[in-house]
Amino acid sequence: MTPKFFKRLTGTALALTLLLTGCAPAPEPVSRDLFAMGTFLSLSAYGGQAQPAVDRAADLVTQLDNQLSVTREGSEIWAVNEAQGAWTQVSQRTFDLIRDALELCRVTDGALDITTYPAVRAWGFTTDEHRVPSPEELAGLAARIDYTAVELDPATHSVRLPEGMMLDLGAVAKGWAGDQLSALMEEDGISSAMLYLGGNIQTVGAKPDGSNWKVGIQDPSGPEGASLAAVEVSDQAVVTSGGYQRFFEQDGQVYWHIMDPDTAAPARSGVLSATIVGGRGLTCDALSTALFVMGADRAARLWRDHPELEFEYVLVLEDGSLQISQGLEQGFKLLSPYQDRKVTVISHDERG
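Below you will find a few notes about this structure. (Residues numbered from 1 in each chain as written. Predicted model: local features only at pLDDT ≥ 70, side-chain atom pairs only at ≥ 80, totals over all residues. Heavy atoms only, no water.)

### Some points on the pairing of strand β16 (residues 311-317)
Phase 1: Of all seven residues in β16, seven are buried; the element is thus mostly enclosed.
Phase 2: Burial along β16 is two-sided: the face carrying F311, Y313, L315 and L317 and the face carrying E312, V314 and V316 are both buried.
Phase 3: Relative to β16, strand β15 (residues 271-278) runs antiparallel, the two sharing seven bridges. Of the residues in β16, the one forming a bridge with T275 is V314.
Phase 4: Two elements, β16 and strand β17 (residues 322-325), share three bridges in a ladder whose sense is antiparallel. By the bridge assignment for β17, V316 is matched with L322.
Phase 5: Between β16 and the antiparallel strand that follows it, β17, lie four residues; G320 among them carries a positive phi value of about 90°. (Buried < 20%, exposed > 50% of the residue type's maximum accessible area, 1.4 Å probe, protein only. Helix = DSSP H or I, 4+ residues; strand = E, 2+ residues; numbered from the N terminus. Pairing = 2+ DSSP bridges.)

Structure representation (structure tokens):
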């Protein structure tokens, strides 16, 4: 990762923190910044036990990164990918994450697919050596994307992939890590914390004064770090996926890192960013990718058809308008100078 990109992420994190804390005087948090899981992380907590809690959380993030990294030689995911079709035993924690991620692949009808890594790599997003694969290469890559081909053995916590396929948990790992960190904070007696994990925000409780956190949603087409809207949350995750986060341009065309599993190419659904709000970071992370791939109509159907997922969402569309699910209507606000943006509220009644 280049210093310029790191600086951009740091600036975004600071912008989010300012939006979250607002202008009112508040206790100073204990914070720890680090780079892990391929992104910039900032962990902040309040209270007498904040320092040991933040330190433990940072240590856990490092452990999870070592287990789940798709590129780090010796990680559990690397071992699965290098097994050439053989069974590979992983830890209980990694096994449970893969199992839960595969269930979310199923629920989203493959809009989320944790086997897209060969395509992501072919486009150069793992090395920054970007390229546009030929139609023939894309067809071959798409044939190697199929979450249903992943085999699990619960008795031995083992995983097997057909030779030539590869796992990548990048679409779920940070959200799942947020769940683990939130639980760790609560174990340490922390009742107020904000965990910034790249495009993921995980809140623990409310702000120290008891009010909700205000989390900004970035304008995908605007100046760097500019928030076009905010959502109010408490003890929830807020996860955004957008094409503006990692992309390159070639011959006047923009290509981003979020792949459509059907084509092995960047998803083109009319969505510029998808923000998910819910109590479970893993679900929010997975659905932010899935809804970006699905587009607005399929996103609304998924939300209506699967209330058990307990999520709300905000879509920023290519025409500049927004769609929000009904459960966010009271906690959503357009910010200056975006108040004239069209906002459509998606209700449980399809006619609404």
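Okay, back to it.
### A few points about the environment of G140
Phase 1: Along the chain, the position of G140 falls in helix α6 (residues 135-142).
Phase 2: Once the C-alpha coordinates of G140 and D113 are considered, the two residues, 27 residues apart in sequence, prove to be 16 Å apart.

### Quick notes on α6
Because each turn of an α-helix spans 3.6 residues, side chains separated by three or four positions in sequence point in the same direction.
Phase 1: Among the residues of α6, L138, L141 and A142 are the ones counted as buried. For α6, the buried positions fall inside an angular range of 95° around the axis, keeping them on one side. (Arc of directions from axis to C-beta.)

### Comments concerning the packing of helix α7 (residues 173-187) against helix α8 (residues 281-294)
Phase 1: At a minimum axis separation of 7 Å, α7 and α8 run at an interaxial angle of 165°. Between α7 and α8, the angle falls in the class roughly antiparallel. Along this stretch, α7 crosses α8, giving a crossing that reads as right-handed. Along the contact surface, α7 presents A173, K174, G175, W176 and D179, while α8 presents G281, L282 and D285.
Phase 2: In terms of residue class, the contact of α7 with α8 is built from three nonpolar, two polar and three charged. (Axes fitted to C-alpha atoms, helices over the stretch in contact; angles between N-to-C directions. Parallel < 35°, antiparallel > 145°, perpendicular 65-115°, else oblique. Left-handed = near helix turned anticlockwise from the far one by under 90°. Contact = heavy atoms within 4.5 Å. Nonpolar A, V, L, I, M, F, W, Y, C, P; charged D, E, K, R; others polar.)

### Topic: the sheet that holds strand β3 (residues 88-89)
Phase 1: Taking strand neighbours across the sheet as the criterion, the three strands line up as β3-β5-β4 in an open arrangement whose pairing is antiparallel. Pairing within the sheet leaves two strands with one partner each, and these edge strands are β3 and β4 (151-153).
Phase 2: Of the pairings in the sheet, the one linking β3 to strand β5 (residues 158-160) comprises two bridges and is antiparallel in character. Note on β5: the bridge partner recorded for Q89 is S158.
Phase 3: Along the sheet face, helix α4 (residues 92-107) touches β4 and β5 and points at about 135° away from the line of β4.

### Re empty space enclosed by the protein
Phase 1: Scanning the entire structure with this criterion turns up one cavity of 30 Å³ or more.
Phase 2: Of the volumes computed, that of the largest cavity is approximately 30 Å³.
Phase 3: Taken together, K174, G175, G178, L197, N200, I201, Q202, A237, V239 and G281 form the lining of the largest cavity.
Phase 4: Of the residues assigned to the lining of the largest cavity, the class counts are four nonpolar, five polar and one charged. (1 Å grid on protein atoms, 1.4 Å probe; cavity = no way out; pocket = protein on both sides within 12 Å on 5 of 7 lines; lining within 4 Å. Points joined across faces, edges and corners; volume = space filled by probe spheres on them.)

### A short note on unusual backbone geometry
Phase 1: Residue P337 is reached from S336 by a cis peptide bond, and omega for that bond is 5°.
Phase 2: With respect to the helices, strands and loops of the structure, P337 is situated in the loop between β18 (332-334) and β19 (343-346).
Phase 3: At H157, a residue that is not glycine, the phi angle is positive and equals roughly 55°.
Phase 4: Tracing the sequence through the fold places H157 in the loop between β4 and β5.
Phase 5: If you check the backbone angles, A264 has positive phi at about 60° while not being a glycine.

### A few points about the sheet that holds β16
Across a sheet, strands are paired by hydrogen bonds formed along the backbone, either parallel or antiparallel in direction.
Phase 1: Taken together, nine strands build an open sheet; the order of strands is β1-β2-β6-β7-β10-β15-β16-β17-β19 and the sheet is mixed. This sheet does not close on itself; its edge strands, each paired only once, are β1 (30-36) and β19. Strand after strand, the sheet turns through a mean of 15° between neighbouring axes, direction not considered.
Phase 2: Here strand β10 (residues 237-242) runs beside β15; their pairing, made up of six bridges, is antiparallel. Bridge assignment links V238 to a residue of β15, and that residue is V277.
Phase 3: Set on the sheet, helix α2 (residues 50-68) makes contact with β1 and β2 (39-45); between it and β1 the angle comes to about 10°.
Phase 4: With respect to the sheet, α8 is in contact with β7 (200-204), β10, β15 and β16, its orientation differing from that of β15 by roughly 160°.

Geometric values such as these leave the question of function open.
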